[in-house]
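Results of the structural survey
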Amino acid sequence: MAVISLSLDNPVFSAFVTYAVLVIMKTMIMSFFTAYQRMTNKAFSNEEDVASFGKKLEVTRYHPGVERVRRCHQNDLENVIPFVLLGLLYVASGPSLGAALLHFRAFTVARFLHTLVYLNSVRQPARALCFLCGIVVNISMAVATLSKGTF
Amino acid sequence: MAVISLSLDNPVFSAFVTYAVLVIMKTMIMSFFTAYQRMTNKAFSNEEDVASFGKKLEVTRYHPGVERVRRCHQNDLENVIPFVLLGLLYVASGPSLGAALLHFRAFTVARFLHTLVYLNSVRQPARALCFLCGIVVNISMAVATLSKGTF
Amino acid sequence: MAVISLSLDNPVFSAFVTYAVLVIMKTMIMSFFTAYQRMTNKAFSNEEDVASFGKKLEVTRYHPGVERVRRCHQNDLENVIPFVLLGLLYVASGPSLGAALLHFRAFTVARFLHTLVYLNSVRQPARALCFLCGIVVNISMAVATLSKGTF
């Protein structure tokens, strides 16, 4: 049963690697969106950041544009990280390649759409649906994995 | 030494899978508690969420009930994610099943209690003790793992 | 090809374990820095925390010293967790030990410096450079890993 391993010999793991890296990179890109919002709106949280722009600015505690990106990033941390962790354990539980690909692809599409919808303030329930789709994938992987573990 | 592997053949990994999935799911459930708080208190962060409720509401920056759930969720991200990552590396370091189960169970109980205590505003030091118990497990796994790694 | 495995038999994994544990522990220590800031500044977020100090304090929503540590901790969550996840997948993709050590060491040094610079409010671009160095390592590992995965 060497095929159920966390190595690239296992086609399920090989697929997981791709989707996991894609959603982690998407999450990391939010940092640059935040930086862009801070710079174009001159809304910085730290005195040393304000100073480096040589202007007589105050530190900004709340800027709507910055906070929207921050909330989107936070939502990624709350959903993408669990996806990667659960996904890894799910792969180890030996799912079929077809079932696994369905989970990985649905989550990846849902989370890229979630960001698109969030950053463009698309009217609800667009964001709620993207969010729920990701959650359903995570719960499905959790249940499938849990049924293989021991106590 | 195939037994020290990240596969279900390894009883330590098999146990880890169960506890890891439980604490990740507990963390994810916080999203629903937040949504519940936002809806019952009509405290939304996004204009499009307010609009979807068809009321003349303002965006809410701070609501005590929402923020309590958020802080609890954040504390999970800061402790449960490290537990799962350290746990995975700890399993690979080949601990005994007894020692590993002690770590996994103590952490899981401590973090479920932490949420219960946090959401019900139980008086201190209840929350501090739950938090510290989780931290001690994480540090213990980190030290045990570190002693097996190379530089 | 048993050498490309997530076990201590694999020297790349063995090295990864060390650096991963170091940066996760560094991230967790931020909790204690936050607690220290809250106590010395008497700036607590929860009524039960205020009560446990027996003083007639109010809950504090924003304290500059606390928030600086919080932002530093948050930045760790946004960067260190992706490092550990990407690193694990990167190790499974079978890099050379030399290339892997370069990535792990550069990231570890960059993130310890990042914290030092952040908590001491060192003038920019010190923090930006530490941040970017970590990001570059993560992107490099992501790209190397992605080239091995399947869709």
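Whatever comes next refers back to the structure up there.
Attention in this report is confined to the structure presented alongside it. Each chain has its residues counted from 1, running along the sequence as written. Chain letters start at A and ligand numbers start at 1, both assigned in the order the entries are written. Thresholds applied to this predicted model are a pLDDT of at least 70 for local features of residues and 80 or more for the giving and counting of side-chain atom pairs; totals over whole chains, interfaces and linings are not thresholded and use all residues. With hydrogens and water set aside, each side-chain value is computed from the structure's full complement of heavy atoms.

1. A look at the relation of the copies chain B and chain A
Going by this rule: Overlaid copies result from least-squares superposition on C-alpha atoms, with residues included only where pLDDT is at least 70 in both.
Its rotation angle being 120°, the transformation that places chain B on chain A also includes 0.0 Å of axial translation and leaves an RMSD of 0.0 Å. Such a combination of rotation and displacement between the chain copies is what one expects of a three-fold axis. Ranked by how close their C-alpha atoms come to the rotation axis, the residues of chain B are headed by L6 of chain B, at 4.1 Å.

2. As for the relation of the copies chain B and chain C
Which entries qualify depends on this criterion: The contact definition used throughout considers only heavy atoms, calling two residues in contact when any of these lie within 4.5 Å.
Its rotation angle being 120°, the transformation that places chain B on chain C also includes 0.0 Å of axial translation and leaves an RMSD of 0.0 Å. A share of only 18% of interface residues in chain B that are also interface residues in chain C marks the association as one of differing surfaces.

3. Details of the interface of chain B and chain A
For an interface, size is often stated in terms of accessible area lost upon the parts coming together. Worth spelling out the cut-off: Note on definitions: salt bridges are taken to be side-chain nitrogens of Lys or Arg within 4 Å of carboxyl oxygens of Asp or Glu. N or O atoms closer than or at 3.5 Å make up a polar contact, with two conditions inside protein: a donor-capable atom paired with an acceptor-capable one, and, for residues adjacent in sequence, both atoms drawn from side chains. Helix numbering and strand numbering both begin at the N terminus, where a helix is a DSSP run of H or I of at least 4 residues and a strand a DSSP run of E of at least 2.
Counting residues at the interface gives 36 residues for chain B and 34 residues for chain A. Scanning the region where chain B abuts chain A turns up 5 salt bridges. Close ionic contact of E48 of chain B with R68 of chain A constitutes a salt bridge, the shortest N to O distance being 2.8 Å. There are 13 residue pairs in polar contact (both at pLDDT 80 or more) connecting chain B and chain A. When contributions to the side of chain B that touches chain A are tallied by element, the ones reaching two or more residues are α1 (11-40), α2 (47-52), α3 (64-92) and α4 (97-119) of chain B.

4. Some thoughts on empty space enclosed by the protein
What counts, and what does not: A cavity here means a set of 1 Å grid points, computed over protein atoms only, where a 1.4 Å probe fits but cannot escape. A pocket is an open set with protein on both sides within 12 Å along at least 5 of 7 lines, and lining residues have an atom within 4 Å of a point. Grid points are joined across faces, edges and corners, and a volume is the space filled by probe spheres set on the points. Three classes are used, and their members are as follows: Ala, Val, Leu, Ile, Met, Phe, Trp, Tyr, Cys and Pro are nonpolar, Asp, Glu, Lys and Arg are charged, and the others, Gly among them, are polar.
The full count for this structure, using the stated rule, is 1 cavity of 30 Å³ or more. As a volume, the largest cavity reaches approximately 60 Å³. Listing elements by their share of the lining of the largest cavity, those giving two or more residues are α3 (64-92) of chain A, α3 of chain B together with α3 (64-92) of chain C. Of the residues that constitute the lining of the largest cavity, the class distribution is 6 nonpolar, no polar and no charged.

5. Section: a nonpolar patch on the surface
Residues and elements named next belong to chain A. Put simply, the rule reads: Patch definition: residues with relative accessible area over 30% and no salt bridge; like charges joined within 9 Å; nonpolar side chains (Val, Leu, Ile, Met, Phe, Trp, Tyr) joined within 5 Å. Here, Shrake-Rupley sampling with a 1.4 Å probe gives the accessible areas, and only protein chains in the shown set may cover a residue. Exposure categories follow from relative accessible area, calculated using a 1.4 Å probe and restricted to protein chains: below 20% of the type maximum is buried, above 50% is exposed, and the middle band is partly exposed.
On the surface, V109, L113 and L116 cluster together into a nonpolar patch covering about 280 Å² of accessible area. With respect to the helices and strands, V109 occurs in helix α4 (residues 97-119). What makes V109 exposed here is its relative accessible area of 51%.

6. A word on the interface of chain B and chain C
Quick reminder of the rule: Buried area is a sum: the accessible area each of two parts loses on coming together, probed at 1.4 Å, counted once for each and added.
Taken together, the contact between chain B and chain C spans 34 residues of the former and 36 residues of the latter. Three residues, E78, L89 and F151 of chain B, lead the burial of chain B against chain C; their summed loss comes to 20% of the area buried on that side. Inspection of the chain B/chain C interface yields 5 salt bridges. Here E48 of chain C and R127 of chain B are joined by a salt bridge, their closest N and O atoms 3.5 Å apart.

It is worth stressing that arrangement in space is one thing and function is another; only the former is reported here.
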